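Spelled out from the first residue to the last, the chains are:
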Amino acid sequence: MAGQGGVSYGYWDGIVPPECQSNPDVVSLSMSLHWKIAKEPLNYGVDCVRNCGIGPGMAFANAILKKDPNFGVIGLVPCSVSGKGIRRWSRGNSPYDQLLRKVKISLRDGGELRGLLWFHGESDTITKFDATHYKPRLQKFIQDLRTDLNSPLLPLLMVVLHVPRPWFKGKFADIVRQAQIEVELPNVVKVDAKGLPLNPDGIHLTTAAQIRVGNMLADAFLSSNITSPRKSSDKFHTTDAWPELILRVLVPLSFHCPVQCPILLNYFLLEDHNMYLWGCMYLLWMQGSTFIFIMTLQLAMRTVFWNVLSCLLLQDPLLEAFQLLQPLKTQPPLQRDLVATLES
């Protein structure tokens, strides 16, 4: 449930609505597997770099705190992997194994596992075989996850799949929707996304729709019979996340190998959080000629580049870095290409 609200033609518009703004009582597990103040795009670097947008996660957390100010600190653990059908969310497959690993790491500081937000199913609407097997596979996923996490009644808040527009190639959305509706396992709460507005791609929800889903999930969570945790802000220790800098600055500069470098770096970050420095060193080595090229540009271009780098080091909002780039829109084509790459 990474979310692509505000994404058009593969790029996010950068707009963060009030319902999704950062909150000191909402933290997320970073790529370096440390807690940080959560911010949109919540799934940035976990599942995507360029086309991450608004999802329901931040709206969900903020809605809970608005309705129950004494709820305590909320820790979000982004685990979404786009384009993976339900068969990939099973024991021995990377998405499932990474989910288990991240959840267990997130509990090291004394957190309490309160539930799983599940917004899934588009990939299983393409073939009738996958659609008809969705229900047993989903039920097995829930049962296995509860067993592996030693949480037999782990709440699962599930979004029943919306209906894609006709030009989307998934023709069996109704079968997947019905499978989700028919799941009768205990502590599975459902909200329906049918009828919510979609992006131009005909499949992903708009920003407004993602916020609506987040609010519905929050209402469902608070109305269930789950005891609220005690105030536990001292349990979460936020840290600076160097992978954020790597993914926001170095990966977009991967001119020569735009596919291999991000994939390799993402592998390092996911497989072993102590390996991200090696990933950084590798990327710098691969992009040595790029940095030399950048340093030969005009003084104005160099100044803007280092200003952007400073903003990111200080963890200012990425939009502030974008504002520094706006004057370069009128520069020659070579510089405009670099600006477009930085913005992506």
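About the thresholds
- Starting from 1, residues in each chain are numbered consecutively following that chain's sequence as written.
- Only residues with pLDDT of 70 or above have their local features reported here, since the model is predicted, and side-chain atom pairs are shown and tallied only from 80 upward, although totals for entire chains, interfaces and linings are computed over all residues.
- Side-chain numbers here rest on the full set of heavy atoms in the structure, without hydrogens or water.
- Segments assigned H or I by DSSP are reported as helices when at least four residues long, segments assigned E as strands when at least two residues long, and all are numbered from the N terminus.
- Partly exposed describes any residue whose relative accessible area lies between the buried limit of under 20% and the exposed limit of over 50%, with all areas from a 1.4 Å probe on protein chains only and scaled to the type maximum.
- We call two residues contacting when some pair of their heavy atoms lies within 4.5 Å.
- All accessible areas in this document rest on Shrake-Rupley with a 1.4 Å probe, and a residue is counted as covered only by the protein chains that are shown.
- Aromatic rings from Phe, Tyr and Trp, taking only the six-membered ring of Trp, are treated as a pair when their centres fall within 6.5 Å; an angle between ring planes under 30 degrees marks them as stacked, one over 60 as edge-to-face, and anything in between as tilted.
- Two N or O atoms count as a polar contact when they lie within 3.5 Å, although within protein this holds only if one can serve as hydrogen donor and the other as acceptor, and sequence-adjacent residues are included solely when both atoms are side-chain atoms.
- Take the buried Ala, Val, Leu, Ile, Met, Phe, Trp, Tyr and Cys residues and link them wherever side-chain atoms come within 4.5 Å; each set so joined is a nonpolar core.
- Salt bridge, as used here, is a side-chain nitrogen of Lys or Arg placed within 4 Å of a carboxyl oxygen of Asp or Glu.
- Note: two strands are recorded as paired if DSSP finds a minimum of 2 bridges between them.
- Comment: axis = line fitted to C-alpha atoms, over the contacting stretch for helices; angle = value between 0 and 180 degrees taken between N-to-C directions.

Per an unreviewed UniProt entry, the chain goes by Sialate O-acetylesterase domain-containing protein and derives from Anisodus acutangulus.

> Describe the overall build of the chain, with residues and values.
Scanning the chain for helices and strands turns up 13 helices and eight strands. Looking at the chain residue by residue over its 344 residues, the buried ones come to 51%. The contacts of the chain with a sequence gap of at least 6 include a subset with a gap of at least 24, amounting to 72%. Per element, the accessible surface of the chain, about 16,600 Å² overall, is 57% carbon and sulfur.

> Describe unusual backbone geometry, naming the residues involved and giving the relevant values.
Cis geometry marks the peptide bond from Glu-40 to Pro-41; its omega dihedral reads -5 degrees. If you trace the backbone, Pro-41 turns up in the loop between strand E4 (35-37) and helix H1 (57-67). Residue Asn-187 is not a glycine yet carries a positive backbone phi of 60 degrees. Within the element layout of this structure, Asn-187 appears in the loop between helix H5 (173-182) and strand E8 (188-192). Judged by its relative accessible area of 37%, Asn-187 falls in the partly exposed class.

> Residues and numbers for the packing of aromatic side chains, please.
Following the criterion strictly, the structure yields six aromatic pairs and no others. Plain terms: the ring middles of Trp-89 and Trp-118 are 5.7 Å apart, the flat faces sit at 85 degrees to each other, and that makes the pair edge-to-face. In this pair, Trp-89 sits in the loop between strand E5 (74-76) and helix H2 (94-106) while Trp-118 sits in strand E6 (residues 116-119), placing the two residues 29 residues apart along the sequence. The class for Trp-118 is buried, based on a relative accessible area of 6%. For the ring pair Trp-89 and Phe-141, a centre distance of 6.2 Å and an interplane angle of 75 degrees mean the geometry is edge-to-face. Of this pair, Trp-89 sits in the loop between E5 and H2 while Phe-141 sits in helix H4 (residues 134-148), placing them 52 residues apart in sequence. We classify Trp-89 as buried; its relative accessible area is 6%. What links up through ring pairs into an aromatic cluster is the set Trp-89, Tyr-96, Trp-118 and Phe-141.

> Please set out the side chain of Gln-210 residue by residue, giving values where relevant.
Along the chain, the position of Gln-210 falls in helix H6 (residues 207-223). On the basis of relative accessibility, which here comes to 3%, the residue Gln-210 falls in the buried class. In this structure, Gln-210 is in contact with Gly-3, Gln-4, Gly-5, Ile-54, Gly-55, Pro-56, Phe-119 and Leu-205, ignoring residues within four places of it in sequence.

> Any chance you could break down the side chain of His-120 for me, citing the residues and the numbers?
Mapped onto the secondary structure, His-120 falls in the loop between E6 and helix H3 (128-132). A polar contact is formed between the side chain of His-120 and the backbone oxygen of Lys-84, at a distance of 2.8 Å.

> Give me the nonpolar core: which residues, what numbers.
Grouped together as the largest cluster of nonpolar side chains are 32 residues, with contacts concentrated most on Phe-60, Val-213 and Leu-217. For this core, the elements supplying multiple residues, two or more each, are H1, E5, E6, strand E7 (156-160) and H6. When residues of this core are assigned to their parent elements, the largest contribution, eight residues, is made by H6. Ignoring sequence-local partners within four residues, the contact set of Val-213 consists of Pro-56, Phe-119, Val-159, Leu-196 and Leu-205.

> I'd like a description of the pattern of salt bridges, backed by residues and values.
Enumeration over the complete set of coordinates arrives at seven salt bridges. Residue Asp-144 pairs with Arg-91 through a salt bridge whose shortest N-O separation is 3.6 Å. Linking Asp-144 in helix H4 with Arg-91 in the loop between E5 and H2, this pair joins segments that are 53 residues apart in sequence. By relative accessible area, Asp-144 is classed as buried at 10%. The network of salt bridges with shared partners includes Arg-91, Lys-140, Asp-144 and Asp-148.

> Provide a residue-level description of the sheet that holds E7, including the pertinent values.
The three strands lie next to each other as E6-E7-E8, forming an open sheet whose pairing is parallel. Edge positions in the open sheet fall to E6 and E8, since each of these has one partner strand only. Averaged over all pairs of adjacent strands, the angle between strand axes in this sheet comes to 20 degrees, irrespective of strand direction. As paired elements, E7 and E8 share five bridges and run parallel to each other. By the bridge assignment, Leu-157 is partnered in E8 with Val-189. Most of the contacts of H4 go to E6, to which it runs at about 165 degrees, and overall it touches E6, E7 and E8.

> Describe in detail the sheet that holds E4, supporting the description with residues and values.
The strand order across the open sheet formed by three strands is E4-E3-E5, and the pairing between neighbours is mixed. The outermost strands of the open sheet, each flanked by one partner alone, are E4 and E5. The sheet shows a mean angle of 35 degrees between the axes of neighbouring strands, direction not considered. Taken together, the three bridges between strand E3 (residues 26-29) and E4 define a ladder with antiparallel strand orientation. When the sheet's bridge partners are listed, Val-27 is paired in E4 with Ile-37. Strand contacts of H1: E3 and E5, with the helix running at about 170 degrees to E5, the strand carrying the most contacts.

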